[in-house]
There are 2 protein chains.
Amino acid sequence: MSTKKPQLRLGAFLPSTGHHVASWRHPEAQADGGLNFQHYKRLAQTAERGKFDMIFFADGVAVRDRNQGADVLSRNGKLVHFEPLTLLSALSVVTENIGLTATVSTTYNEPYHLARKFASLDYLSGGRAGWNLVTSATEAEALNFNQEKHMEHTLRYERAKEFVDVVTKLWDSWEDDAFLHDKESGIYFDPNKLHVPNHKGEHFSVRGPLNVARPIQGYPVIIQAGSSEDGKDLAAQTAEVIFTAQQTLAEAQAFYTDVKGRLVQYGRSPDHLKIMPGVFPVIGKTEQEAKDKFDQIQELIDPVVGLNLLGSMIGGFDLSGYPLDGPLPDLPETNGGKSRQQLLTDLARRENLTIRQLYLWIAGARGHRQILGTPEQIADQLEDWFVNGGADGFNIMPPWLPGGLDEFVDLVIPELQRRGLFRTEYEARTLRENLGLPRPVNQFSKVATREAAIA
Amino acid sequence: MSTKKPQLRLGAFLPSTGHHVASWRHPEAQADGGLNFQHYKRLAQTAERGKFDMIFFADGVAVRDRNQGADVLSRNGKLVHFEPLTLLSALSVVTENIGLTATVSTTYNEPYHLARKFASLDYLSGGRAGWNLVTSATEAEALNFNQEKHMEHTLRYERAKEFVDVVTKLWDSWEDDAFLHDKESGIYFDPNKLHVPNHKGEHFSVRGPLNVARPIQGYPVIIQAGSSEDGKDLAAQTAEVIFTAQQTLAEAQAFYTDVKGRLVQYGRSPDHLKIMPGVFPVIGKTEQEAKDKFDQIQELIDPVVGLNLLGSMIGGFDLSGYPLDGPLPDLPETNGGKSRQQLLTDLARRENLTIRQLYLWIAGARGHRQILGTPEQIADQLEDWFVNGGADGFNIMPPWLPGGLDEFVDLVIPELQRRGLFRTEYEARTLRENLGLPRPVNQFSKVATREAAIA
């Protein structure tokens, strides 16, 4: 198989009704999708039919209602939805091979709970769990957890770094072959293969051990999405997949080179971190049909919703006092997601967009790359970035669901397969193996080598 | 249907390999059951075939290893297992009618996470979720959550009371009919039916609203198991099911009368709290066969395990210095589960048991009621308590799994059905309806009446 072309990786990023801000109003969207298990079952099985590496759920522990009056809020179709770990656990039963990944914040969780839930999901799914580590970016979450404001950016990343350290120690509490289940002797496990982490650090004191055996994958796959300097450093040290928002091949190449170059100092191979920019595809039989489809959903955006979306994407800044058809004003620096604000400001300046044009522009992909076209045109774009050092794969963001995913699986995936760029069958049962990532060696095991351990 | 006999309620309490301390060594036990989804799927489907009201999982956020050397610990077959909310979510997909209930501690969790996960499970399962509220009783858990010792008993219960208050407010964030999903107008929900809890109390500041709609059951069914004065008071105020350990009918009647009598002061009907003592059944074709089966599993207990079990059941007291065939010494008061220590001390004095006899006695039911006999004898015992004001139903604790549950469903359930004491088909789809419990009215709704709200 050494002559086989390099294979690209695909994630299916599946928010309830789709990625477009007006997705729930689309005729083909499941408007109550957020709390409809049959809807998610269909999505997961469709993604698996398309041989996606993984499905992915974003998450936050609050209703994101900042700066929103009832008029805006009541038009939002994405406020209520399943908690992702419970949802992924249920989906593990109706799928066989696809990875099951979701966001959990290190700022509003405890490492013991997180290590345990992902280990449990890894056992339920036969080794298909993945954790997208975020530090959270909204004050609404702080207010649900006994705090008056959001933790400061640098401190959040310090906490996150120690959090990963604790979580991996907990996953390493038991060696892979610790459990003997020997009914005859009465010995259930080998006590030499139990390691009590006894972690005492700046942010956490966690004795352990974990009350789940070492995950099937060693560690569930660790994903990150931060593009700040702190974020890229943490990713270089600990992440195995990065989801990122990149607009042009040049930007994507710069990001790719930057992040991959940071791995060496942590003794890691560049192959052991997969960079997967987000892509929002609108698919048509012709280019014109794709454009018409896009126009159709753009027309469903109520102006109060568009303006508010833009405000929240640039850090919670209230734009209601500025003319819709005028330029984006200069923005104060925020404590939230810095990289996204910068990205949108750059875009507005570069393309000379008004506020209205900018909100229409982000309404779909929310800062990610939009591609409108035929299946061949979309495959061309993906191949271009993949073969030219801009990406190891892509996180596909369907505009509306389930229709947008169906089209990608039925039209674009076969085109990628024809080109030899994407699998026609899963290589393995675990997410880690399908992604081509090494299984981490237990850090407490006597045979552990520094090179093989990812943490 | 008014002539139908009152129906008893049944829970299936399902720890990985069974309730007996040596259960995992039993020839019919699934030794790796704690992390084996196929095992749990079989258990849940068997319980549903038997028309049980619910399955139930106990839980703790630590490996319970206090006072245990490697020699004891390595013989323990119950240290690692699924996290219960992920497991119940997966089981929701392979069952249709049975209730899905599990323990989550109020001491080592945040109300927002808990409200959200149970609401999510309620949607995944079509209204079958139940929460067993505990305040935790082991120091091992404190050490996994940045604390040096376990929170004091009274403070734990104060926190628990406020915790329930916050959780029910979060579940009431949205009225039942808040979501319109109106694609035409673009209005997703009626803003008058959103209620932001804005809770500020002694232990918690939680703004809300919850990012899950109001659970299908209004609230998932709330279960408790505390038998201390604090525990009984909290249950009278907030619980809808109580699991309890009672040895004799007279004790059970006293507990039943005591707890039911406390409900009036909170404006609640005695029917709205179901009292379900634990029962550990050993079933034989003859009484002698049942006794032989029990002897068989008792012989599998290693003495170091039995002694350690007793020590931990009486509050973490080290008994290794006392003669195995001598009496239980006087015990110091502990900060853990007070009621269980008292129950065991009373038993040892009443029956004049040595330390060895006491550990053999608790090895099975761990303080709960053991019944050895034929299906008819077991049904007689359950009927006796049920018709004489000792219980509304029972939480069945199979000695080993899956065999012990299979026998109960195949032999005892049909006998209870023949007597007209137990359903032959589920009455409804939700746990709350099957248990005959009222659906709580939203406390923020303008039509809410004090009587109908349970919180």
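Just so it is clear, the model here is predicted, and its values are computed rather than measured. (Residues numbered from 1 in each chain as written. Chains lettered and ligands numbered in written order. Predicted model: local features only at pLDDT ≥ 70, side-chain atom pairs only at ≥ 80, totals over all residues. Heavy atoms only, no water.)

Scanning chain A from N- to C-terminus turns up 15 helices and 13 strands. In terms of overall dimensions, chain A is globule-like: its C-alpha atoms have a radius of gyration of 22 Å, near the 23 Å expected for 455 residues. Summarising its shape, the C-alpha atoms of chain A cover approximately 75 × 55 × 40 Å along the three principal directions. The buried share of chain A, reckoned over its 455 residues, is 62%. Long-range pairs, those at least 24 residues apart, make up 77% of the contacts in chain A with a sequence separation of at least 6. (Helix = DSSP H or I, 4+ residues; strand = E, 2+ residues; numbered from the N terminus. Rg over C-alpha atoms; globule rule 2.2 N^0.38 Å. Buried < 20%, exposed > 50% of the residue type's maximum accessible area, 1.4 Å probe, protein only. Contact = heavy atoms within 4.5 Å.)

Along the chain, D292 of chain A falls in helix α9 (residues 287-298). Each C-alpha atom of the pair D292 of chain A and V282 of chain A lies 9.7 Å from the other, and the pair is 10 residues apart in sequence.

Ring pairs (aromatic) are described by centroid distance and by the angle formed between their planes. Taken as a whole and assessed by the stated rule, the structure comprises 36 aromatic pairs over all chains. Look at W174 of chain A and F189 of chain A: their rings are 5.0 Å apart centre to centre, the planes differ by 90°, and that puts the pair in the edge-to-face class. Of this pair, W174 of chain A sits in the loop between α6 (153-171) and β5 (179-182) while F189 of chain A sits in strand β6 (residues 187-189); the two residues are 15 residues apart in sequence, bridging distant segments of the chain. We note that W174 of chain A, like F189 of chain A, is buried. Taken together, a centroid distance of 4.8 Å and an interplanar angle of 40° make the contact between W174 of chain B and F179 of chain B tilted. Classification of W174 of chain B as buried rests on a relative accessible area of 0%. (Phe/Tyr/Trp six-rings, centres within 6.5 Å; stacked < 30°, edge-to-face > 60°.)

Bringing the environment of G99 of chain A into the picture now. Residue and element names in this part refer to chain A. Among the structural elements, G99 can be located in strand β3 (residues 99-105). We classify G99 as buried; its relative accessible area is 0%. C-alpha separation for the pair G99 and S125, spaced 26 residues apart in sequence, amounts to 8.6 Å. Residues contacting G99, with those up to four places away along its chain left out, are D53, M54, I55, R128 and L431.

Once that is clear, we can look at helix α14 (residues 403-418) of chain B. All names here are of chain B. Along its 16 residues, α14 runs 23 Å from first to last C-alpha, staying within 8% of the 22 Å computed at 1.5 Å per residue. Largest kink in α14: about 35°, centred on V409. Those residues of α14 that sit buried are G403, G404, L405, D406, E407, F408, V409, V412, I413, E415 and L416. Phi for G420, located one or two positions after α14, is positive at around 75°. (Expected span 1.5 Å × (residues − 1). Bend = angle between axes of the 7 residues up to and from the residue.)

Below, the discussion takes up the side chain of Q224 of chain A. Following the sequence through the fold, Q224 of chain A ends up in strand β9 (residues 221-224). Separated by 2.8 Å, the side chains of Q224 of chain A and T238 of chain A make a polar contact. (Polar contact = N/O pair within 3.5 Å; in protein donor to acceptor, adjacent residues only side chain to side chain.)

Think of interface size as the accessible area that goes away when the parts come together; that is how it is often given. Across the contact, 74 residues belong to chain B and 74 residues belong to chain A. Carbon and sulfur atoms make up 61% of the surface buried where chain B meets chain A, a total of about 6400 Å² over both sides. Counting every contact that joins chain B to chain A gives 2 salt bridges. As a salt-bridge pair, D59 of chain B and R116 of chain A come within 2.5 Å of each other at their nearest N and O atoms. The tally of links from chain B across to chain A stands at 38 residue pairs in polar contact (both at pLDDT 80 or more). Elements with a contribution of two residues or more to the side of chain B that touches chain A: α2 (70-73), α3 (84-93), α4 (111-124), β5 (179-182), β6 (187-189) and β8 (205-206) of chain B. Along the lines of polarity and charge, the residues of the side of chain B that touches chain A split into 40 nonpolar, 21 polar and 13 charged. (Buried area = accessible area lost by both parts, 1.4 Å probe. Salt bridge = Lys/Arg side-chain N within 4 Å of Asp/Glu carboxyl O. Nonpolar A, V, L, I, M, F, W, Y, C, P; charged D, E, K, R; others polar.)

Right, let's talk about the relation of the copies chain B and chain A for a bit. When chain B is fitted to chain A, the residual RMSD is 0.0 Å, and the transformation amounts to a turn of 180° plus an axial shift of 0.0 Å. The transformation relating the two chain copies, once decomposed into turn and shift, fits a two-fold axis. Taking the C-alpha atom as reference, chain B places A90 of chain B closest to the rotation axis, 2.0 Å from it. Both copies share a contact surface, since 100% of the interface residues of chain B are interface residues in chain A too. (Least-squares fit on C-alpha atoms with pLDDT ≥ 70 in both.)

The subject of this paragraph is the nonpolar core. By size, the foremost hydrophobic cluster in this structure holds 178 residues, and its most contacted members are F52, I55 and W131 of chain A together with F52 and I55 of chain B. Beyond its immediate sequence surroundings of up to four residues, W131 of chain A is in contact with A102, V104, T106, L114, F118, F163, V164, V167, W171, V221, I222 and I223 of chain A. The next biggest cluster of nonpolar side chains, apart from the first, holds 21 residues, and it includes L309, L310, L347 and Y359 of chain B. (Core = buried A, V, L, I, M, F, W, Y, C linked by side-chain atoms within 4.5 Å.)

Let's shift gears to helix α7 (residues 229-238) of chain A. Here α7 of chain A has its buried residues at G231, K232, L234, A235, A236 and T238 of chain A. If you follow the buried residues of α7 of chain A, they end up packed against β4 (129-134), α6, β9, β10 (241-244) and α8 (249-262) of chain A.

A word on the side chain of T430 of chain B. Residues and elements named next belong to chain B. Position of T430 among the secondary structure elements: in the loop between α14 and α15 (431-434). By relative accessible area, T430 is classed as buried at 9%. A distance of 2.7 Å separates the side chain of T430 from the side chain of E433, its partner in a polar contact. Setting aside its immediate chain neighbours within four residues, T430 contacts G126, G127, I216 and Q217.

It is worth spelling out the pattern of salt bridges at this point. Residues and elements named next belong to chain A. Evaluation of the coordinates by the stated rule reveals 60 salt bridges over all chains. Ionic pairing is found between K193 and D177, a salt bridge with its closest N-O pair at 2.9 Å. Highlighted residues: K193 in the loop between β6 and β7 (199-200) and D177 in the loop between α6 and β5, separated in sequence by 16 residues. When its relative accessible area of 22% is taken as the criterion, K193 is described as partly exposed. Each of E229, K232, D233, D258 and R262 takes part in salt bridges that share partners, so that together they form one network.

The next subject is the packing of helix α3 (residues 84-93) of chain A against α3 of chain B. Where α3 of chain A contacts α3 of chain B, the axes come no closer than 7 Å and their chain directions differ by 45°. The angle between the axes of α3 of chain A and α3 of chain B places the two elements in the oblique class. Read as a crossing pair, α3 of chain A and α3 of chain B show a hand that is right-handed. Residues L85, T86, S89, A90, S92 and V93 of chain A of α3 of chain A touch α3 of chain B, and the partners they reach there are L85, T86, S89, A90, S92 and V93 of chain B. Of the residues assigned to the contact of α3 of chain A with α3 of chain B, the class counts are 6 nonpolar, 6 polar and no charged. (Axes fitted to C-alpha atoms, helices over the stretch in contact; angles between N-to-C directions. Parallel < 35°, antiparallel > 145°, perpendicular 65-115°, else oblique. Left-handed = near helix turned anticlockwise from the far one by under 90°.)

All names here are of chain A. Every second residue of strand β12 (residues 369-373) is oriented toward a common face, the buried set being R369, I371 and G373 and the non-buried set Q370 and L372. Relative to β12, strand β11 (residues 274-283) is paired through 5 bridges, and the arrangement is parallel. Within β12, the position partnered with I283 by the bridge is G373. (Pairing = 2+ DSSP bridges.)

This part is about unusual backbone geometry. Put simply, G208 of chain B and P209 of chain B share a cis peptide bond, and its omega is 0°. Look at the link from L401 of chain B to P402 of chain B: it is a cis peptide, with omega at 10°. Secondary-structure assignment places P402 of chain B in the loop between β13 (393-396) and α14. Its identity is not glycine, yet K51 of chain A carries a phi of approximately 65°, on the positive side. By the secondary structure assignment, K51 of chain A is in the loop between α1 (37-49) and β2 (54-57). Exposure remark for K51 of chain A: the relative accessible area of 15% places this residue in the buried category. Its identity as a non-glycine residue notwithstanding, N352 of chain B has a phi of 55°, on the positive side. Among the residues examined, N352 of chain B registers a relative accessible area of 67% and is labelled exposed.

Right, let's talk about the pairing of β11 of chain A for a bit. All names here are of chain A. With 10 of 10 residues buried, β11 is to be regarded as a mostly interior element. Neither face of β11 is left uncovered, since the one carrying K274, M276, G278, F280 and V282 and the one carrying I275, P277, V279, P281 and I283 both have all their residues buried. Where β10 lies against β11, 4 bridges are found, and the strand directions are parallel. Its bridge partner lying in β11, F243 is registered against M276. Pairing analysis gives 2 bridges linking β11 to strand β13 (residues 393-396), with the strands arranged parallel. Residue G278 lies in a different strand from β13, and its bridge partner there is N395.

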